[in-house]
Amino acid sequence: MTCAPLTPGERWRAGPLRLTSAPRTLVDCAREWPLADAVVAMDGALLAGRTTIDDLRRSAAAVHHWPGASRAVRAAALADGRAESPLETRGRLRMLGAGLPAPELQTEIRAGGRLVGVVDAWFEAAAVAVEFDGRIKYTHPWRERPAERVLWEEKRREDGLRALDIRVVLVADADLGNGWPATEERLRRLLATPGPPLRRFSATPRARGVRRAG
């Protein structure tokens, strides 16, 4: 066990309990955790509004001489509160780790003044959308929708995107494990081909993600 100083702003209290602040706690965890786990935790805290990216990065920079500090700095640099699930975070890290371009997150696709859909990751030049397809979307649907309705809405949305000449890649949890080489190869092939020269849609990244509940 190692003792470390706390600034006044890093001391929080919840009733009778004394706590470290959210950014300090995340940074301390990131100094020891694997990178993906640390970024998942940071993304979740940012999405929930428990901290800000500026506070997170300041806290990481403040421990620059401590053991594991470089791990925390790297995790904070990769954090993005627009990721709406751990699968999205791990998928983004997989793509960046493979040397693929950094995608925009939570991008609104509109056509004819209508919102066609919001895609999890978007590659502008190639007009490629990546959707991270977690099982919980169907087993515990948002807003208590029946699973069959969720499946139908997802199909209609994907059909609408493809009708605009947008290439859609669905990525499940298994595709980030043993299936990653095939997924990476497909993404590289699609990103090497420019998107349609005449676009019938607009793509606008959102500033924030949406915290969803079952």
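In what follows, the structure referred to is the one given above.
### A look at the pattern of salt bridges
Moving on, step 1. This structure, assessed with the given rule, holds 17 salt bridges.
Moving on, step 2. Among the ionic pairs, Glu131 bridges to Arg157, the shortest N-O distance being 2.2 Å. On the criterion of sequence distance, the pair formed by Glu131 in strand β5 (residues 128-132) and Arg157 in helix α7 (residues 147-163) is long-range, its members being 26 residues apart. The residues Glu131 and Arg157 share a single accessibility class, namely buried.
Moving on, step 3. Put simply, Asp165 and Arg200 hold a salt bridge, and the shortest N to O gap is 3.4 Å. You can see Asp165 sitting in the loop between α7 and β6 (167-171) and its partner Arg200 sitting in the loop between α8 (180-191) and β7 (202-205), a full 35 residues away along the chain.
Moving on, step 4. One continuous salt-bridge network, built from bridges that share partners, spans Glu10, Arg24, Asp28 and Arg31.

### A look at the nonpolar core
Moving on, step 1. In terms of nonpolar packing, the biggest core is built from 18 residues, with Val27, Ala30, Met42, Leu56 and Ala75 touching the most fellow members.
Moving on, step 2. Taken together, the elements giving at least two residues each to this core come down to α1 (22-30), α2 (35-47), α3 (53-62) and α4 (69-78).
Moving on, step 3. Looking at this core, the element that brings in the most residues is α2, giving five residues.
Moving on, step 4. Residues contacting Met42, with those up to four places away along its chain left out, are Leu26, Ala30, Leu56, Ala72, Ala75, Ala76 and Ala79.
Moving on, step 5. Counting residues in each nonpolar core, the second largest holds 17 residues, with Leu100, Ala121, Val130 and Trp180 among its members.

### Focus on the sheet that holds β5
In sheet architecture, strand pairing relies on hydrogen bonds along the backbone and comes in two forms, parallel and antiparallel.
Moving on, step 1. Across the sheet, five strands lie side by side as β6-β5-β4-β3-β7; this open sheet has mixed pairing. Of all the strands in the sheet, just β6 and β7 have a single pairing partner and so form its edges. Adjacent strand axes in the sheet meet at a mean angle of 40°, parallel and antiparallel pairs treated alike.
Moving on, step 2. Two strands pair when backbone bridges link them, and strand β3 (residues 104-111) and β7 are joined in this way by four bridges, in the antiparallel orientation. When the bridges of β7 are listed, Glu108 appears paired with Thr204.
Moving on, step 3. The strands touched by helix α5 (residues 86-97) are β3, β4 (114-123), β5 and β6; relative to β5, the strand with the most contacts, the crossing angle is about 135°.
Moving on, step 4. Along the sheet, α8 contacts β4, β5 and β6; its crossing angle with β6, the most-contacted strand, is approximately 165°.

About the criteria used
- Residues numbered from 1 in each chain as written.
- Predicted model: local features only at pLDDT ≥ 70, side-chain atom pairs only at ≥ 80, totals over all residues.
- Heavy atoms only, no water.
- Salt bridge = Lys/Arg side-chain N within 4 Å of Asp/Glu carboxyl O.
- Helix = DSSP H or I, 4+ residues; strand = E, 2+ residues; numbered from the N terminus.
- Buried < 20%, exposed > 50% of the residue type's maximum accessible area, 1.4 Å probe, protein only.
- Core = buried A, V, L, I, M, F, W, Y, C linked by side-chain atoms within 4.5 Å.
- Contact = heavy atoms within 4.5 Å.
- Pairing = 2+ DSSP bridges.
- Axes fitted to C-alpha atoms, helices over the stretch in contact; angles between N-to-C directions.

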